[in-house]
Amino acid sequence: MRNFFKNESGATAIEYGLIAALIAVAIIGAVTSLGGQTSTTFNAVADGMANAI
């Protein structure tokens, strides 16, 4: 019974899973935010090139 309560390998796996989930949420948020800005910039460049011709 003592060994069962001393075993922390399951808790460690859960902690790693939570860390991975938080990193994934941060990456998704950054990509979503930067994606809109990048799209706007490329559209402005494309419009500028179309008007220059």
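None of the values given here were measured: they were computed from a predicted structure.

Colleague: Just give me the short version of the overall build of the protein chain, but keep the residues and values in it.
Modeller: Scanning the protein chain from terminus to terminus reveals 2 helices and 0 strands. Here the protein chain, with 53 residues, has 0% of them falling under the buried criterion. Element-wise, carbon and sulfur atoms account for 69% of the exposed surface of the protein chain, whose accessible area totals about 4800 Å².

Colleague: An account of a nonpolar patch on the surface is needed here, citing residue identities and associated values.
Modeller: Judged by side-chain polarity, Tyr-16, Ile-19, Ile-23, Ile-27 and Val-31 come together as a nonpolar surface patch covering roughly 530 Å² of accessible area. Overall, the relative accessible area of 55% leaves Val-31 in the exposed class.

Calculation criteria
- Residues numbered from 1 in each chain as written.
- Predicted model: local features only at pLDDT ≥ 70, side-chain atom pairs only at ≥ 80, totals over all residues.
- Heavy atoms only, no water.
- Helix = DSSP H or I, 4+ residues; strand = E, 2+ residues; numbered from the N terminus.
- Buried < 20%, exposed > 50% of the residue type's maximum accessible area, 1.4 Å probe, protein only.
- Areas by Shrake-Rupley, 256 points an atom, 1.4 Å probe, with all protein chains shown as cover.
- Patch = residues over 30% accessible without salt bridge, like charges linked within 9 Å, V, L, I, M, F, W, Y side chains within 5 Å.
- Salt bridge = Lys/Arg side-chain N within 4 Å of Asp/Glu carboxyl O.

Purely geometric numbers; function is a separate question.
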